[in-house]
Each structure stands twice: as C-alpha cells, then as structure tokens.
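Chain by chain, the residues:
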Amino acid sequence: MSITPNPGTWYSILQSYKKGMWREYAPVIASLAYEWLTVHEPAIERLLGGAIDLFTIVPSKTLGVTYDSQLLRLALSLVAPVAERLAPTLACVDREAYGRTKYAPQMFTPIAPAAGKRIVLIEDTWITGATAASAAGALLDAGASSLVITPIARDFRVQFHGDDHPYIALSRLDYDVSIWPR
C-alpha cells in the first residue's frame, strides 16, 4: 500500500503504532487501507479470479498476541468493506524455530477453513517478506483457491539500498493514488 523509507516520517508513525500508540494511528492505517481497497479492489478480484471471500492478517509471532488483540486487526476493523469480511485463518505455532528471512509455512497452522476461498492476506510491515510468504504458503496448503498478499507498508531501508533508489524517490512524492501502478 505504501513505501516506508527508514528513517522517515511514515516509518516513525508505523513504529509508534506498533509500539502501542494504535489508538492515535489506527485511523491513519484504516484510511490508507480504505483508499487502497477503493482503488485496487477490481484489479485484486481479477487476480483472484472472482470476488474477495475474506481478508485476513498475518498472525503475530509475538508471544501472547492473539488475533483479537493484534493491532492490525484493530485498525482494519475500522474499514467497513474489510471489517465485514475480516476473519482469523491462521495461528503461529512455532515462533522460535524460524527467523524473519526463511520461508516456513509450517510456522502457521490453520484455525479456520480456507479451502476454496479467495483471500487477501494483509501484513503490517514488509521487510523481507518471508513471514507473509510463509503465511500465504500455509493458506495455500490449507486449500485456498487464490491469494493476494499486500503489506500496509514496505519497510525500505536507505542504508541497504542507497538514497538514490527509485523507491526512495517515490516515497518522497506527495501522496497521490493516481500515480499508483494499476
């Protein structure tokens, strides 16, 4: 949904949201998700091969964080078109055995039927993509018919990619959905 240069203002907002200031920043996340869905739902449905059956989130790997208490779920519940189709589908079963950079669908176990469903899997922050890809793999193994992964923010680190990378240039533009790829 967006690019998050680290360091940067949007990165700071996202980190504050993740560190407990969700009441202050959940409307920002919700607004971004609503606008993204409004613009991209037809294209997502073409990718999925039909209407979106459900939205779900990548389960937290933090011990003690349940689906009901996960900040991303709380923010997305403010977006009516998402909230009415938002449901838990996976639980993280082995937090310690897998790092952030390894594809490991066995890290997740299905907790609700996914068979035959067209699913949009939402991640709050995409750094390497391994956790989201692992959750997607678990859903596909559980029989999901099609799936699209979307991060709220792509954590793009200047120190890894350089200040002149095109993503950094895009992240500095005024927010304008008309320039988003379709």
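Calculation criteria
Residues numbered from 1 in each chain as written. Predicted model: local features only at pLDDT ≥ 70, side-chain atom pairs only at ≥ 80, totals over all residues. Heavy atoms only, no water. Helix = DSSP H or I, 4+ residues; strand = E, 2+ residues; numbered from the N terminus. Expected span 1.5 Å × (residues − 1). Buried < 20%, exposed > 50% of the residue type's maximum accessible area, 1.4 Å probe, protein only. Axes fitted to C-alpha atoms, helices over the stretch in contact; angles between N-to-C directions. Parallel < 35°, antiparallel > 145°, perpendicular 65-115°, else oblique. Left-handed = near helix turned anticlockwise from the far one by under 90°. Contact = heavy atoms within 4.5 Å. Nonpolar A, V, L, I, M, F, W, Y, C, P; charged D, E, K, R; others polar. Core = buried A, V, L, I, M, F, W, Y, C linked by side-chain atoms within 4.5 Å. Arc of directions from axis to C-beta. Pairing = 2+ DSSP bridges.

1. Describing helix H5 (residues 130–141)
Here comes step 1: If you check H5, its first and last C-alpha atoms are 16 Å apart, about what 12 residues at 1.5 Å a residue would give, namely 16 Å.
Here comes step 2: Of all 12 residues in H5, nine are buried, a share of seventy percent or more.
Here comes step 3: Of all the positions in H5, only Ala130, Thr131, Ala132, Ser134, Ala135, Ala136, Gly137, Ala138 and Leu139 are classed as buried.
Here comes step 4: Among the residues trailing H5, glycine 143 stands out with phi positive, at a value near 100°.

2. Some thoughts on the packing of helix H1 (residues 9–18) against helix H2 (residues 22–48)
Here comes step 1: As a packed pair, H1 and H2 sit with axes 8 Å apart at the nearest point and diverge in direction by 120°. Here H2 runs oblique to H1, going by the angle between their axes. Pair H1 / H2 crosses with left-handed handedness. Seen from H1, the contacting residues are Trp10, Ile13, Leu14, Ser16 and Tyr17; seen from H2, they are Trp22, Tyr25, Ala26, Val28, Ile29 and Leu32.
Here comes step 2: Per-class residue counts for the contact of H1 with H2 are 10 nonpolar, one polar and no charged.

3. Section: the nonpolar core
Here comes step 1: Core analysis: the biggest nonpolar cluster contains 28 residues, and Ile29, Phe55, Leu72, Leu76, Val120 and Ile122 have the highest contact counts within it.
Here comes step 2: Of the residues forming this core, the biggest block, 10 residues, is contributed by H2.
Here comes step 3: If sequence neighbours within four positions are ignored, phenylalanine 55 has contacts with Leu37, Pro81, Val82, Arg85, Leu86, Ala87, Val120 and Ile122.

4. Points about H1
Note: α-helices contain 3.6 residues per turn, so residues at a spacing of three or four share the same orientation.
Here comes step 1: For H1, the full list of buried residues reads Trp10, Tyr11, Leu14, Gln15 and Tyr17. Down the axis of H1, the smallest arc covering the buried residues is 155°, so these residues share one side.
Here comes step 2: Remark: glycine 20 follows H1 within two positions and exhibits a positive phi of approximately 110°.

5. Observations regarding the pairing of strand S2 (residues 54–57)
Sheet faces and side chains relate simply in a regular strand, where the side chains alternate between the two faces.
Here comes step 1: Side-chain alternation along S2 places Leu54 and Thr56 on one buried face and Phe55 and Ile57 on a second face that is also buried.
Here comes step 2: Summarising the sheet, S2 and strand S5 (residues 118–126) pair through four bridges and their orientation is parallel. Paired with threonine 56 across the strands is leucine 121, a residue of S5.

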